Protein chains: 2
Amino acid sequence: MNDSQTARPKRIVILGSTGSIGRQALEVIDWHPDCFEVVGLAARGASELFREQIARRRPALAALTEPGETLDGALPDGTRLCRGPDGLVELATAPNVDLVLVATSGTAGLAPTLGALRAGRPVALANKEALIMAGHLVMRAAGESGAAVIPVDSEHSAIWQCLRGEGMDWIRRVTLTASGGAFRDFPIAELADVTPEQALRHPNWSMGPKITVDSATLMNKGLEVLEACWLFDLPLDQVGIVLHRESIIHSLVEFVDGSQKAQLAIPDMRLPIQYALGYPDRLPTPSAPLDLIAVGSLTFGEVDSRRFRCAFLALEAGRRGGSFPATLNAANEVAVELFLGGLIRFDQIAELVNAVLERHVPIRDPELCEVLSVDAWARRTCRALAPTSA
Amino acid sequence: MNDSQTARPKRIVILGSTGSIGRQALEVIDWHPDCFEVVGLAARGASELFREQIARRRPALAALTEPGETLDGALPDGTRLCRGPDGLVELATAPNVDLVLVATSGTAGLAPTLGALRAGRPVALANKEALIMAGHLVMRAAGESGAAVIPVDSEHSAIWQCLRGEGMDWIRRVTLTASGGAFRDFPIAELADVTPEQALRHPNWSMGPKITVDSATLMNKGLEVLEACWLFDLPLDQVGIVLHRESIIHSLVEFVDGSQKAQLAIPDMRLPIQYALGYPDRLPTPSAPLDLIAVGSLTFGEVDSRRFRCAFLALEAGRRGGSFPATLNAANEVAVELFLGGLIRFDQIAELVNAVLERHVPIRDPELCEVLSVDAWARRTCRALAPTSA
């Protein structure tokens, strides 16, 4: 797969090193200083944290994507600073890189993901947009160069772990688990009136506000189904969702013989991050082991389409294909932003996304520039359709 | 692994074709007539069922182990009958055999298992005694010839499936699941007075009487721990037991990174049997898929040492090693027989086994003949120690 068999450390570029995934990836790297070497770090702006990361790691390459941002005197000898949006692609395609962790959020992750794969660099992919908006381009680039797309998300990592040593044509079905988020037990009739504060109380995972709201609407799980279809080359009807409140089983694979395999772990993003960075090896972790007896029971339930309308909108967008998933994703991002800003109600997230999808004129096999213009159109349209003066 | 990649069917010998595992193996073979060919069948006596099997399958070889048994006119042209105890070894070591399924119960399985492995034939092992009594000899024979020992038991099959594509040195721990058998919820104080009829009501699996009683005492799980140690080359303290009432998760593996993998399926022995016969391939099955939403929840609990004394006797025998496990196994077999015959109480099974273990003078690295003589001694001693005139 890659050169993990050799003695020298794996040389890693992290795009989005100051975000949640980027910071945890650096923690994982610190657990295994002999296994990994940070050769590139990229962030949006020159925050205090980024300066610290650069000063301590002294990577060969650093990138700041916001125009005008610079590191001034904080740039160590031997670190070259790339500035502007092209900096991400420069890091992603730099020579002497063994793995590119794409942990930026938003559309900024698309070009470097495609760039890295086309240059034959394996990509550990934590950026949802790359597969949702441009899955066809990403998997085509990976297929042509032979570079691996390694999932970072706990669900996709689970599936990938369950598929180790198995034949891809033995897959009968893949099941993603969903905790159900903040409102899994909330009266459906009262969902309209929940506040952003309520939506941000995730029962199991501590994550950023956007993804936490996506967990409450279950939009995240719908998007993950679409990602799984790309990653594992499966049709939509072979990927399902099951409500699993404990977030211990991170996903399951059912094989043609009726046997299923599940991957289980405590909810700790550092585990799938480490699996992605260390792949194909498993490395020890200092994190606490899962104690099933202490957990007591694992439960499974159906996903209610009235409670979780967003998940079904995502599946429908996936069924329609082409530029529909990109449209859904962009509209959802704006709608969640409006909800978090107190400008729309919780139930209006799904309404707005649906309204934008209804107005979308699809493109069948969009190029990257078309994907980006669909994204911009969907954002504009979503804002314009918002019931308040958002 | 073996020649499953070729187009020709895998040639299979079944030792114990009229028993529960043997019959289900033939069912599996009937599901896939293009994949498997029955080239040898062996049973104890010339029962009606065995005659039917021989008439229908027309294997090249048949064996009857009971002295004096014969097939008379029921022997098809082209089938050669081997008679007496050496018949099993003859079938197990016959040329042009791709896999030997050892599904005989008792010590009769030992010699053919060793014979097949020494001759370089992969063995699908459903016989407990081979690993419990002579694990050191079996794994040595397999190691020397390079022939695989393929587990058939649902628990060991689960572990083996979870280990596909994984490094053996990444195993941190293996956990066998136990349903808890007929008396998992029975008042401990009243266990002394349960009847054989009560002990034979297994909540999840339909099996023979001996193994069902072993499930009720949890002796079976203790023995399976010892088998797992041999099969996966693990020390005793890396193999645990968890009470899992639903028998859906058939076992779990925990890796050094804290990740666990579980294999799940409906309780149907044909699935692990097929996995063993088809390995390394997975073949489709007509059996109903597992519906986790219908199952609802999977539970995990501690194994109570007062309720399940036998499991702990087995672990203790494993800790002592040498000929102790063979002693335990033989004493348990006699004790269960006495219980089923109404000659001792349920709680006396553990007492008797313990009494025999206490009297045992161990042999460190016993040869096959020593193992067999320990077995005979333990049976005699158990009968002699039985409180009634058994």
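Residues numbered from 1 in each chain as written. Chains lettered and ligands numbered in written order. Predicted model: local features only at pLDDT ≥ 70, side-chain atom pairs only at ≥ 80, totals over all residues. Heavy atoms only, no water.

Structural notes on the relation of the copies chain B and chain A
Worth spelling out the cut-off: Here the copies are superposed with least squares, the fitted atoms being C-alpha atoms of residues at a pLDDT of at least 70 in both. Pairs of residues are marked as contacts when any of their non-hydrogen atoms sit within 4.5 Å.
Screw-axis analysis of chain B against chain A gives a translation of 0.0 Å along the axis, an RMSD of 0.0 Å, and a rotation angle of 180°. Such a combination of turn and shift is consistent with a two-fold rotation axis. Taking C-alpha positions as reference, the residue of chain B nearest the rotation axis is B:Gly165, located at 2.0 Å. A shared binding surface is used by both copies, with 100% of the interface residues of chain B retained as interface residues in chain A.

Details of the sheet that holds strand E5 (residues 99-102) of chain A
Residues and elements named next belong to chain A. To keep things clear, this is the line we draw: Two strands make a pair as long as DSSP finds a minimum of two bridges between them. Helix numbers and strand numbers start at the N terminus; a helix is a DSSP run of H or I with at least 4 residues, a strand a run of E with at least 2. Here an axis means a line fitted to C-alpha atoms, over the contact stretch when the element is a helix, while the angle between two N-to-C directions is reported on a 0 to 180 degree scale.
Taken in spatial order, the seven strands make up an open sheet running E4-E3-E2-E1-E5-E6-E7, and their pairing is parallel. The open sheet has two edge strands, strand E4 (80-83) and strand E7 (149-151), and neither has a second partner. Looking at each pair of strands side by side, their axes are set apart by 25° on average, direction ignored. Where strand E2 (residues 36-43) meets strand E3 (residues 61-64), four bridges bridge the pair, whose relative direction is parallel. Each residue of the ladder has a partner; that of Ala42, found in E3, is Ala63. Against the sheet, helix H1 (residues 20-31) engages strand E1 (10-15), E2 and E5, with an angle of about 160° to E1.

A word on the packing of aromatic side chains
To be explicit about the condition: Stacked, edge-to-face and tilted are the three classes for Phe, Tyr and Trp ring pairs, Trp counted by its six-membered ring, which pair at centre distances within 6.5 Å; planes under 30 degrees apart are stacked, over 60 edge-to-face, the rest tilted. Residue exposure (1.4 Å probe, protein chains only): buried if accessible area is under 20% of the type maximum, exposed if over 50%, otherwise partly exposed. Here, a charge over a ring is recorded when the distance from Lys NZ or Arg CZ to the ring centre is within 6 Å and its angle to the ring normal is within 35 degrees.
Inspection of every chain in the model, using the stated rule, returns twelve aromatic pairs over all chains. Ring geometry for A:Trp160 versus A:Tyr275: centroids 6.0 Å apart, planes at 90°, classification edge-to-face. Placement of A:Trp160 in helix H6 (residues 154-162) and of A:Tyr275 in helix H10 (residues 270-278) is noted, with a sequence separation of 115 residues between them. For A:Trp160, a relative accessible area of 17% translates into the label buried. Overall, A:Tyr275 belongs to the buried group, its relative accessible area being 1%. Aromatic pair B:Phe183 and B:Phe186: ring centres 5.4 Å apart, planes at 70°, arrangement edge-to-face. Judged by its relative accessible area of 22%, B:Phe186 falls in the partly exposed class. Here a set of aromatic residues connected by ring pairs shows up, and it is made of A:Phe183, A:Phe186, A:Phe339 and A:Phe346. When the ring centre of B:Phe255 is taken as reference, the NZ or CZ atom of A:Arg282 above it lies at 4.2 Å. When the ring centre of B:Phe324 is taken as reference, the NZ or CZ atom of B:Arg320 above it lies at 4.7 Å.

Re the sheet that holds strand E6 (residues 123-125) of chain B
All names here are of chain B. Strand order in this open sheet of seven strands is E4-E3-E2-E1-E5-E6-E7, and the pairing throughout is parallel. Because the sheet does not close on itself, it has two edges, and the strands there are strand E4 (80-83) and strand E7 (149-151). Strand-to-strand twist of the sheet, defined as the mean angle between neighbouring strand axes without regard to direction, takes the value 25°. The pairing of strand E1 (residues 10-15) with strand E5 (residues 99-102) spans four bridges and is parallel. Its bridge partner being in E5, Leu15 is matched across the sheet by Val102. With respect to the sheet, helix H2 (residues 48-57) is in contact with strand E2 (36-43) and strand E3 (61-64), its orientation differing from that of E2 by roughly 150°.

Some points on the packing of helix H12 (residues 309-320) of chain A against helix H14 (residues 347-359) of chain A
Residue and element names in this part refer to chain A. Note the cut-off: Under this scheme an angle from 65 to 115 degrees is roughly perpendicular, one under 35 degrees roughly parallel, and one over 145 degrees roughly antiparallel; angles in between are oblique. Crossing handedness follows the turn of the near helix against the far one: under a right angle anticlockwise gives a left-handed crossing, and clockwise gives a right-handed one. The residue classification treats Ala, Val, Leu, Ile, Met, Phe, Trp, Tyr, Cys and Pro as nonpolar and Asp, Glu, Lys and Arg as charged. All others, Gly included, are polar.
Interhelical geometry of H12 versus H14 gives an angle of 15° and a closest axis separation of 9 Å. Put simply, H12 runs roughly parallel to H14. For the element pair H12 and H14, the recorded crossing hand is left-handed. Here Arg309, Cys310, Leu313 and Arg320 of H12 lie close against H14, whose contacting residues are Ile349, Ala350, Glu351, Val353, Asn354 and Leu357. Along the lines of polarity and charge, the residues of the contact of H12 with H14 split into six nonpolar, one polar and three charged.

Considering the packing of helix H9 (residues 219-231) of chain B against helix H13 (residues 324-340) of chain B
Packed helix pairs are specified by the crossing angle of their axes together with the interaxial distance, meaning the distance between the axes. All names here are of chain B. Running from amino to carboxyl end, H9 crosses H13 at an angle of 155°, the nearest separation of the two axes being 12 Å. Our classification of the angle between H9 and H13 gives roughly antiparallel. For the pair H9 and H13, the crossing hand works out as left-handed. Where H9 approaches H13, its residues Met219, Leu223 and Leu226 are matched on the opposing element by Pro325, Leu328, Asn329 and Asn332. Considered class by class, the residues forming the contact of H9 with H13 number five nonpolar, two polar and no charged.

Digging into the interface of chain B and chain A
For clarity, the threshold we go by: Accessible area that two parts lose when put together, with a 1.4 Å probe and added across both, is what the buried area reports. In the sections that follow, a salt bridge refers to a side-chain nitrogen of Lys or Arg positioned within 4 Å of a carboxyl oxygen of Asp or Glu.
At the interface, 41 residues of chain B touch 41 residues of chain A. Between chain B and chain A the total buried area reaches about 3,500 Å² when both faces are included, carbon and sulfur atoms providing 54% of it. Per-residue buried area on chain B facing chain A is highest for B:Asp257, B:Arg282 and B:Phe300; these three make up 20% of the total on that side. Counting across the chain B and chain A interface gives six salt bridges. Notably, a salt bridge pairs A:Glu166 with B:Arg164, separated by 3.9 Å at the nearest N-O pair.

Some points on the pairing of E1(B)
Residues and elements named next belong to chain B. Judged by how many residues are buried, E1 sits mostly within the fold: six of six residues are covered. Taking every second residue as pointing to the same face, both faces of E1 are buried, with Lys10, Ile12 and Ile14 on one and Arg11, Val13 and Leu15 on the other. Bridge count for E1 against E2 is six bridges, and the pairing is parallel. Paired with Ile12 across the strands is Val38, a residue of E2.

Let's talk about the pattern of salt bridges
All names here are of chain A. One pass over the structure, following the stated rule, counts 56 salt bridges over all chains. As a salt-bridge pair, Arg140 and Asp365 come within 3.3 Å of each other at their nearest N and O atoms. Taken together, the residues span a long stretch of sequence, with Arg140 in helix H5 (residues 128-145) and Asp365 in the loop between H14 and helix H15 (368-385) at a distance of 225 residues. For Arg140, a relative accessible area of 37% translates into the label partly exposed. Residue Asp365 is classed as partly exposed on the basis of its relative accessible area, which comes to 42%.

Brief notes about the domain arrangement of chain A
Residues and elements named next belong to chain A. To be explicit about the condition: Domain ranges listed in this record stem from an automatic or a database domain assignment. Two N or O atoms count as a polar contact when they lie within 3.5 Å, although within protein this holds only if one can serve as hydrogen donor and the other as acceptor, and sequence-adjacent residues are included solely when both atoms are side-chain atoms.
Examined at the domain level, chain A breaks down into domain 1 (3-151) and domain 2 (156-280 + 288-320). Taken residue by residue, the interface counts 24 residues in domain 1 and 21 residues in domain 2. Contact between domain 1 and domain 2 buries roughly 2,100 Å² in total, counting both sides, with carbon and sulfur atoms accounting for 73%. Together, Lys128, Ile132 and Pro151 form the three largest contributors to the area buried by domain 1 at its contact with domain 2, with a combined 30%. Counting every contact that joins domain 1 to domain 2 gives three salt bridges. If you look at where domain 1 meets domain 2, you find six residue pairs in polar contact (both at pLDDT 80 or more).

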